[in-house]
Amino acid sequence: MKKIRAGIIGAGFVGPLHMEAARRLGYVDFVGIATSNLASAQQKAERYGISMAFENYAQLLEDPTIDAVHICTPNHLHYPVVMAAIDAGKHVICDKPLALSAAEAREMRDAAKRKGVVNAVTFNYRFNALVQQAHALVAKGELGKVQFVHGCYLQDWLLFETDFSWRLEADKGGVTSSVGDIGSHWCDTAQFISGLQITRVLSSLSTMVQVRKKPKGSREAFASGEGKEEHEEFLVTSDDLGSVLVEFDNGAKGAFSVGQVCPGHKNDLQVEVNGSRSSLKWVQERPDELWLGYRDRANATLLRDASLMDEAVRGYVNLPGGHGEGWADAFKNLMSSIYSFIAAGYSPSSDADKITFPTFEDGYRANCVVDAIVRSNQNRSMWTTVEY
Ligand code: SOE
């Protein structure tokens, strides 16, 4: 198989995870890296075994031997870097959320379409095998009519005033932190499982930790500070907690909460779907289990095991039952979905039926929902229509 040559732009928390997942495929070579400056790019190139370190992303994009680029920068750089990458004719894999606003995301989606490059957004939770199974069960009508979709995405890594991330800085992360960073995942996962689109929202967002100690140097996600480094007081304007009521395009109702300040919750994404016949629930921290709920027979838990799962989703199972799979395996499945499309030489327009990964269209739609959630909160929690 011909190797695909990839470049990575930004290598904080998530960049190395993109590389690890794509490298597991065996036919993706990371050959170039650009970060905030040459010294850091060189240091990371050495650490991750990448041959070319570039002074900036523009130089990386000029390299004609690079086929695909991963954009793993803070959110505010997604737009300029993605637009430049598209212009350079690279296939683009951008971390989520795609953009700071739906308006930016729309431009990115349209530019990718015009150029014909493969475009993907890393909504990775879709790629857990049991999320695929949940999607398949709903699509086959096993649950009956979907009536209620609810859950949460709670974390605790921003609980203390000494915790900090660029995600909390509006000019880098966007006006919303908890909704943009993890609420966007909840919406994508819930929409993927249910096969429905969110059409209206009503939200109430809060900032529980209003003043934080911002370290002088950079800090990666989930790394805790003890307030000992040099820091400055930072007034937080974006949310770290919120609750949202939602309505879907088939009339189904829903609700979810997001929080980055919820002690004990590490990466607690939960989605439950209640249909007119049965229910299901998936919990990210117990990724190998799918709860199935019934009125007229005993509830059950499906443990991930290819032989017990829908034929169509068996390809998302990497290991036999009982051999734990989780976050990193789902990320690998996502990379496999994107890179097998690129390797086959498919085009996003003429081979649209072969796309199994989230595209910039999905990224755009998630940004539309996030924008509506922010608008609802600004308008004293009014019901707000999602403008696609
Ligand atoms: C931090 O909240 C974070 O790394 C998110 O940015 C990721 O998208 C999520 O998958 C895990 O948590």
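Just so we're clear, the structure is a prediction, and the values are computed from it rather than from any experiment. (Residues numbered from 1 in each chain as written. Predicted model: local features only at pLDDT ≥ 70, side-chain atom pairs only at ≥ 80, totals over all residues. Heavy atoms only, no water.)

**A closer look at the pattern of salt bridges**
The condition is simple: Salt bridges are identified by distance alone: a Lys or Arg side-chain nitrogen within 4 Å of an Asp or Glu carboxyl oxygen. Secondary structure is summarised from DSSP: a helix means a run of H or I of at least four residues, a strand means a run of E of at least two, and numbering begins at the N terminus for each. Relative accessible area decides the class of each residue, using a 1.4 Å probe on protein chains only: under 20% of the type maximum gives buried, over 50% gives exposed, and in between gives partly exposed.
Scanning the model with the defined rule gives 25 salt bridges in all. With its nearest N and O atoms 2.7 Å apart, the salt bridge here joins Lys-140 to Asp-310. In this pair, Lys-140 is assigned in the loop between helix H6 (129-139) and strand E7 (146-154) and Asp-310 in the loop between strand E16 (300-303) and helix H9 (327-343), connecting sequence segments 170 residues apart. Classification of Asp-310 as buried rests on a relative accessible area of 17%. With a shortest N-O distance of 3.6 Å, Asp-240 and Arg-212 are connected by a salt bridge. Of this pair, Asp-240 sits in the loop between strand E10 (231-235) and strand E11 (241-248) while Arg-212 sits in strand E9 (residues 211-215), and the two are 28 residues apart along the sequence. The pair formed by Asp-240 and Arg-212 is uniform in burial state, with each residue classed as buried. Through salt bridges with shared partners, one network takes in Arg-109, Asp-110, Glu-361 and Arg-365.

**Points about the layout of surface pockets**
Test applied: Any residue with an atom within 4 Å of a point lines the site, the site being either a cavity, points on a 1 Å grid over the protein atoms alone where a 1.4 Å probe fits but cannot get out, or a pocket, an open set with protein on both sides within 12 Å along at least 5 of 7 lines. Grid points are joined across faces, edges and corners, and a volume is the space filled by probe spheres set on the points. In this count, Pro and Cys sit with the nonpolar residues alongside Ala, Val, Leu, Ile, Met, Phe, Trp and Tyr, while Asp, Glu, Lys and Arg are called charged and the others, Gly among them, polar.
Its boundaries defined by the atoms lining it, the second largest pocket holds a volume of some 240 Å³. Around the second largest pocket sit Arg-109, Ala-112, Lys-113, Gly-116, Asn-119, Pro-348, Ser-349, Ala-352, Ile-355, Thr-359, Phe-360 and Glu-361, which together line it. If you list the elements that add at least two residues to the lining of the second largest pocket, you get helix H5 (102-115) and helix H10 (360-378). Element by element, the count of residues in the lining of the second largest pocket is highest for H5, at three residues. Taken together, the residues of the lining of the second largest pocket sort by class into five nonpolar, four polar and three charged.

**What about the site of the ligand?**
The cut-off we apply is this: The rule for a residue being near a molecule or strand is that one of its heavy atoms must lie within 4 Å of it. In the analysis that follows, any N or O atom pair within 3.5 Å is treated as a polar contact, provided that within protein one partner can donate a hydrogen and the other can accept it, and provided that, for residues neighboring in sequence, both atoms belong to side chains. For the accessible areas, the method is Shrake-Rupley and the probe is 1.4 Å, while residue cover comes only from the protein chains on display. Segment limits for the domains were obtained from an automatic or database-derived domain assignment.
Lys-96, Tyr-125, Gln-155, Asp-181 and His-185 are the nearest of the 13 residues found near the ligand. Separating an oxygen atom of the ligand from a side-chain N or O atom of Trp-157 is a distance of 3.5 Å. Residue Arg-167 places a side-chain N or O atom 3.5 Å away from an oxygen atom belonging to the ligand. Against a free-state accessible area of 300 Å², the protein chains account for coverage of 95% of the ligand. It is helix H8 (residues 178-194) that contributes the most residues to the shell around the ligand, three residues altogether. The residue inventory of the shell around the ligand, partitioned by class, reads seven nonpolar, three polar and three charged. Lining the shell around the ligand are residues from two domains, each supplying at least three of them: domain 1 (4-125) and domain 2 (129-325).

**A short note on the domain arrangement of the chain**
Applicable threshold: Any two residues having at least one pair of non-hydrogen atoms within 4.5 Å are treated as being in contact. Each of two parts loses accessible area, computed with a 1.4 Å probe, when they are put together; buried area is these two losses added.
Each domain of the chain was delimited in the assignment, giving domain 1 (4-125) and domain 2 (129-325). Measuring from the centre of the C-alpha atoms in domain 1 to the corresponding centre in domain 2 gives 25 Å. Of the residues lining the interface, 14 residues belong to domain 1; the matching set on domain 2 comes to 21 residues. Taking both sides of the interface into account, the surface hidden between domain 1 and domain 2 amounts to around 1400 Å²; carbon and sulfur atoms contribute 60%. It is Phe-13, Phe-123 and Tyr-125 in domain 1 that bury the most area against domain 2; as a group they hold 51% of the surface buried on that side. Where Asp-181 meets Lys-96, a salt bridge forms, and the shortest distance between an N and an O atom there is 2.9 Å. Summed over the shared surface of domain 1 and domain 2, the number is six residue pairs in polar contact (both at pLDDT 80 or more).

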